[in-house]
Amino acid sequence: INAEYGEIKTINTNYFIQTNLRTQALMTRISRQDGLNGKRNPFLDLPQNGKIMAYYMWIDGTGESMRGKTRTLDSKPSSCADLPMWNYDGSSTGQATGEDSDVLLIPVAIYKDPFRRGDNILVLCETYCPDNTPHPTNHRAKCQEKMKKVADEHPWFGIEQEYTMFDENGVHPYSWPLNGYPGPQGPYYCGVGADKVNGRKVVEAHYRACMYAGIKIAGSNAEVMPSQWEYQVGPCEGISMGDDLWVSRWILCRVAEEFNVVISFDPKPIKGDWNGAGCHTNISTQSMREPGGLAVIEAALEKFAQRHREHIEAYDPNKGEDNKRRLTGRHETASIDHFSHGVAHRGASVRIPRHVAQEGCGYFEDRRPSSNADPYAVTGRVIQTMLLDEFDDLPAPPQGELAGRVSNLILAYERFVRSPDLLHAHAT
């Protein structure tokens, strides 16, 4: 065989390898279709004879995933008080043993069902032990206790939920090349066009489903890594932040089913020079939103600095182990080992938005929570540090006119430490 023929043979071999990989992927999709081949299920418009389908959902033992099952109700409930308690097999969700497997479901929030529609509902539940005490994996009950104690502070939260789409096998990023990687990060963030954006149909469907359900979804955008997206929920007061975010996650995964897409909330789904995924949490209290509130924010961040380790443990379901892969000091993150904050600084643990620094009041963004964080654990830890813990060595935040003067001094200081004059600070 001469060199010319050998070269042609090599090209043909590579072609057949590529073709075979694509054929295998296509056959996998075909084999997993439900038989309707994209057509509408003809049975979904059958009348329910006055009955209601209620989908009870709860957080399982991983602290990351949700489970759920349906029961029939005789009439539409007006509140959670009208809903019956239920139970499930906790030995199949990592929350009980087979010898004592029943875990109780206590309804705590009702949403409209965007999939079954009509009067059918989604029911968010807390998990309880047989002795009627909150299950050890039930972070909502503990968060609710804290929120009740600080209700007069009117804590508001807004969470930016990042996630990544994968093909139906859950291994290969959605619409990425079968071999290799897409182009470097840069053109994908808030992009448009088939060469820059993947999965918009899922995003649009999820957005509308959340609005229909009654979730306080605030926006969405394509993220820095291709096939990675973000949506925002809030502002929500108190416990409703966790409720809305958990149900929005369930709706996202359920919508993705319809498109044979798998949703990953892993904080670092792709190794290498690719952005991770977070759950940036925006925080404020009544006093922070009022004139002079920047001083109150700064006082809260002094407390955060002293509780950095406790926050890291609360900010992912594996006590910081997941976030170690993400909080490296690169890719718009701070180091997991140190607390920092700054104005408009996306490489800090906490970012104070530029307009907040200029106006002297508003909110701040904690950028440490991972994308798979439990929002009840996150907001509960924030409230604990900010409003419930005692710090003997911290001065009380100034009030009134003094607060405004201090806010101006803080803003001047922020400008100074970012200026060339800092190089000569010691001489001064």
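About the criteria used
- Residues numbered from 1 in each chain as written.
- Predicted model: local features only at pLDDT ≥ 70, side-chain atom pairs only at ≥ 80, totals over all residues.
- Heavy atoms only, no water.
- Salt bridge = Lys/Arg side-chain N within 4 Å of Asp/Glu carboxyl O.
- Buried < 20%, exposed > 50% of the residue type's maximum accessible area, 1.4 Å probe, protein only.
- Helix = DSSP H or I, 4+ residues; strand = E, 2+ residues; numbered from the N terminus.
- Pairing = 2+ DSSP bridges.
- Axes fitted to C-alpha atoms, helices over the stretch in contact; angles between N-to-C directions.
- Phe/Tyr/Trp six-rings, centres within 6.5 Å; stacked < 30°, edge-to-face > 60°.

Student: Mind laying out the pattern of salt bridges, listing which residues take part and the relevant values?
Tutor: In this structure the tally under the stated criterion is 18 salt bridges. Asp389 is paired through a salt bridge with Arg381; the nearest N and O atoms lie 3.0 Å apart. Residue class for Asp389 comes out buried when judged on its relative accessible area of 18%. Given the relative accessible area of 15%, Arg381 is considered buried. Among the charged side chains, a salt-bridge network with shared partners connects Glu126, Arg140 and Asp243.

Student: Which residues make up unusual backbone geometry, and what values go with them?
Tutor: The omega torsion across Gly234 and Pro235 is 0°, close enough to zero to call that bond cis. Summarising the element assignment, Pro235 is placed in strand S8 (residues 228-237). Of note, Asn132 is a non-glycine position whose phi angle comes to about 65°, a positive value. Locating Asn132 in the fold gives a position in the loop between strand S5 (121-128) and helix H2 (139-149). Accessibility expressed as a relative area gives 51% for Asn132, which makes it exposed. A positive phi angle, close to 60°, is found at Ala344, a residue other than glycine.

Student: Describe the pairing of S8, and please don't skip the residues or the numbers.
Tutor: The element S8 is extensively covered by neighbouring structure, given that eight of its ten residues are classed as buried. Here strand S6 (residues 156-167) pairs with S8 via eight bridges, running antiparallel. Within S8, the residue paired with Gln161 across the bridge is Tyr231. Pairing analysis gives five bridges linking strand S7 (residues 217-222) to S8, with the strands arranged antiparallel.

Student: Quick one: what's the story with the sheet that holds strand S1 (residues 52-59), residue by residue and with numbers?
Tutor: What the five strands build is an open sheet, ordered S2-S1-S5-S4-S3; its pairing is mixed. On the outer flanks of this sheet lie strand S2 (66-73) and strand S3 (86-89), each paired with one strand and no other. Neighbour to neighbour, the strand axes of the sheet diverge by 40° on average, direction disregarded. As paired strands, S1 and S2 are joined by eight bridges and run antiparallel to one another. Each bridged residue has a counterpart across the sheet, and for Ala54 the counterpart in S2 is Arg71.

Student: Break down the packing of aromatic side chains for me, citing the residues and quoting the values.
Tutor: Per the stated rule, a full pass over the model turns up nine aromatic pairs. Relative to Tyr181, the ring of Trp176 lies with its centre 6.1 Å away and its plane at 70°, an arrangement referred to as edge-to-face. Residue Trp176 is classed as buried on the basis of its relative accessible area, which comes to 7%. Overall, Tyr181 belongs to the exposed group, its relative accessible area being 56%. For the pair Trp176 and Trp274, a centre-to-centre distance of 5.0 Å together with 45° between the ring planes defines the contact as tilted. Here the residue Trp176 occupies a position in the loop between S6 and helix H3 (200-213), and Trp274 occupies one in the loop between strand S9 (261-264) and strand S10 (279-284), the gap between them amounting to 98 residues. Through pairs of rings, three or more aromatic residues link up here, namely Tyr55, Phe115 and Trp250.

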